[in-house]
Amino acid sequence: MLKITNFSKTYPGGKMAVKDLSLIVEAGDIFGFIGHNGAGKSTTIKAVVGILDFEEGEIIVDGLSVKKYPLDCKKKIAYIPDNPDIYGHLTGIQYLDFISELFDVPKNIKNEKISRYSELFGIKKDLANPISTYSHGMRQKIAIIAAITHNPKLLILDEPFVGLDPIASHTLKEIFKEMCANGSAIFFSTHVLEVVEKLCNKVGIIKDGQLVVCGKTDEVRGDKSLESLFIELDKHE
């Protein structure tokens, strides 16, 4: 579903944010992408979703090049940043209708999904209110619902559990599992190693722009916890 090959990104001024990164996310995978702030997680994610141009390497989404077919790739992807910037002047339902129309979601499917997910996240009664009145957690929930209504083949999230209460976090994890059971793939960055350990079947650890460990979660951590492995890798320069 996602294949990154020899991806590198250097910013103006010569700072190399990511160097020669390669990884594969297959249908059904929940892939946890971890690393310190500034390690290169967000740079990689922004290149995958088409926000950031790049010259070195290749990124393929469901068989299509992000460089050559950017719009087709975006139709297959849903992306939720760590701090969703959504239209505060719209009500929740207006925003969800707008995003659904962008992705040509049939009305009956849209209505069913919005009803179901807003009920699961406990914000159904708030959909008529302006988004400007929402808390950070509520905005996060609206962004999630908007992202998954069109059944993306690849769901990409940057720190998805920040700002979510425990019940909403549990709901999101269950949605991840359901999507993957239906053939989608999840790729997300996080600092919450316990979530990766319990939820993800694959993990990648990036340090100073380079992928230092990548593979099946159980094989990567061996008989250690993911936290102890991460700390151990961090000590080695």
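Above this text sits the structure in question.
Residues numbered from 1 in each chain as written. Predicted model: local features only at pLDDT ≥ 70, side-chain atom pairs only at ≥ 80, totals over all residues. Heavy atoms only, no water.

## A few points about the environment of E119
Okay, so step 1: Tracing the sequence through the fold places E119 in helix α4 (residues 107-120).
Okay, so step 2: Taking the C-alpha atoms as reference points, E119 and K141, separated by 22 residues in sequence, lie 11 Å from one another. (Helix = DSSP H or I, 4+ residues; strand = E, 2+ residues; numbered from the N terminus.)

## What about helix α9 (residues 226-235)?
Okay, so step 1: For α9, the full list of buried residues reads L226, L229 and F230. For α9, the angular spread of buried residues about the axis comes to 100 degrees, placing them on one side. Opposite the buried face of α9, by more than 90 degrees, sit the exposed residues E227 and K235.
Okay, so step 2: As for α9, its buried residues are in contact with β3 (30-34), α7 (193-199), β9 (202-207) and α8 (217-221). (Buried < 20%, exposed > 50% of the residue type's maximum accessible area, 1.4 Å probe, protein only. Arc of directions from axis to C-beta. Contact = heavy atoms within 4.5 Å.)

## Some points on the packing of aromatic side chains
Okay, so step 1: A complete count under the given rule lists eight aromatic pairs for this structure.
Okay, so step 2: Here the aromatic rings of F161 and F188 are separated by 5.9 Å at their centres, their planes lie at 80 degrees, and the arrangement is edge-to-face. Residue F161 is located in the loop between β7 (154-158) and α6 (166-181), and its partner F188 is located in strand β8 (residues 185-189); the two are separated by 27 residues in the primary sequence.
Okay, so step 3: Consider the rings of F176 and F188, whose centres lie 5.8 Å apart with planes at 35 degrees: the pair is tilted. Placement of the pair is F176 in helix α6 and F188 in strand β8, with a sequence separation of twelve residues. Accessibility assignment for this pair places F176 and F188 in one class, buried.
Okay, so step 4: Ring-pair connections join several aromatic residues into one group, and the members of that group are F31, F33 and F187.
Okay, so step 5: Here the basic side chain of K173 rests over the ring of F161, its NZ or CZ set 5.7 Å away from the ring centre. (Phe/Tyr/Trp six-rings, centres within 6.5 Å; stacked < 30°, edge-to-face > 60°. Lys NZ or Arg CZ within 6 Å of the ring centre and 35° of its normal.)

## Observations concerning the sheet that holds strand β1 (residues 2-10)
Okay, so step 1: Here four strands make up an open sheet; going across it, the order is β2-β1-β4-β5 and the pairing antiparallel. Both outer strands of the open sheet, β2 (16-25) and β5 (64-65), are each paired with one neighbouring strand and no more.
Okay, so step 2: Pairing of β1 with β2 involves six bridges; the strand directions are antiparallel. Note that in β2 the partner of L2 across the bridge is V25.
Okay, so step 3: Docked against the sheet, helix α1 (residues 41-48) engages β1, β2 and β4 (56-61), running at close to 120 degrees with respect to β1. (Pairing = 2+ DSSP bridges. Axes fitted to C-alpha atoms, helices over the stretch in contact; angles between N-to-C directions.)

## Here we look at the side chain of K110
Okay, so step 1: Summarising the element assignment, K110 is placed in helix α4.
Okay, so step 2: Of the residues examined, K110 reaches a relative accessible area of 10% and is grouped as buried.
Okay, so step 3: Beyond its immediate sequence surroundings of up to four residues, K110 is in contact with D97, S100, V105 and T149.

## Notes on the sheet that holds β9
Okay, so step 1: Here six strands make up an open sheet; going across it, the order is β6-β7-β8-β3-β9-β10 and the pairing mixed. Looking at strand neighbours, the two that pair on one side only are β6 (77-80) and β10 (210-216), the edges of this open sheet. Going across the sheet, the axis of each strand differs from the next one's by a mean of 15 degrees, ignoring polarity.
Okay, so step 2: For β9 and β10, the ladder comprises six bridges, and the chain directions are antiparallel. Following the sheet pairing, I206 is matched in β10 by L211.

## Regarding helix α3 (residues 92-102)
Given 3.6 residues to a turn, an α-helix orients residues that are three or four positions apart in the same direction.
Okay, so step 1: Listed in full, the buried residues belonging to α3 are G92, Y95, L96, I99 and S100. End-on view of α3: buried residues confined to an arc of 130 degrees, all on one side of the axis. Exposed residues lying more than 90 degrees from the buried face of α3 are E101 and L102.
Okay, so step 2: Residues of α3 that are buried sit in contact with α4 and α5 (136-148).

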